[in-house]
Amino acid sequence: RANIIVFDDIKFLTDDELKLVVSDINLEKLATSLVNVEETTYKKIDQNLPKSSKDMIKQFLDLKAKSVSKPEIEAAQDYILNMIAKMESEGKISLKSRVKG
């Protein structure tokens with residue numbers, strides 16, 4: 001597990017790291033990635049978003065969550081995990097060291 005990061009591991013990022021990650025993400029991809037995610041992960045992301053982004057994501061989830069396919073959710077989550085991996089390799093964030101094995 002030490003070298004594997006799953007989407008719900010995002011909750012282990014610090015608030016500053018999470019703000020850095022979400023500032024670079026397309027909001028529709030972020031909203032798609034949050035469909036059916038663990039509540040703790042959703043709350044962690046939600047509390048680190050500006051109000052306008054929170055509102056847009058809530059609206060997306062209210063209107064489209066039921067019509068989003070599992071492959072679309074997984075693709076959005078993979079996109080975000082790839083961004084996190086890139087940021088980690090650049091030394092901008094540190095997630096792997098916080099993930100419990």
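One can find the structure itself at the top, above this paragraph.
Analysis parameters
Residues numbered from 1 in each chain as written. Predicted model: local features only at pLDDT ≥ 70, side-chain atom pairs only at ≥ 80, totals over all residues. Heavy atoms only, no water. Phe/Tyr/Trp six-rings, centres within 6.5 Å; stacked < 30°, edge-to-face > 60°. Lys NZ or Arg CZ within 6 Å of the ring centre and 35° of its normal. Buried < 20%, exposed > 50% of the residue type's maximum accessible area, 1.4 Å probe, protein only. Helix = DSSP H or I, 4+ residues; strand = E, 2+ residues; numbered from the N terminus. Arc of directions from axis to C-beta. Core = buried A, V, L, I, M, F, W, Y, C linked by side-chain atoms within 4.5 Å. Contact = heavy atoms within 4.5 Å.

1. Focus on the packing of aromatic side chains
Next, step 1: This model, assessed by the stated rule, comprises zero aromatic pairs.
Next, step 2: Between Lys29 and the ring centre of Tyr79, over which it is positioned, the NZ or CZ distance is 4.9 Å.

2. Observations concerning helix H3 (residues 39–46)
Next, step 1: When H3 is considered as a whole, its buried residues turn out to be Thr41, Tyr42, Lys44 and Ile45. The buried residues of H3 occupy an angular sector of 165° when projected down its axis, which confines them to one face. Along H3, the residues that are exposed and aim more than 90 degrees away from the buried face are Glu39 and Lys43.

3. A closer look at the nonpolar core
Next, step 1: Of all hydrophobic cores here, the largest spans 28 residues; its most connected members are Phe7, Ile10, Leu13, Leu30, Leu34, Ile45 and Ile84.
Next, step 2: Secondary structure elements with two or more residues in this core: helix H1 (15–23), helix H2 (27–33), H3, helix H4 (51–64) and helix H5 (70–89).
Next, step 3: Sorting elements by how many residues they give to this core places H5 first, with six residues.
Next, step 4: Apart from the residues within four sequence positions on either side, Ile84 is in contact with Ile10, Leu13, Val21, Ile93 and Leu95.

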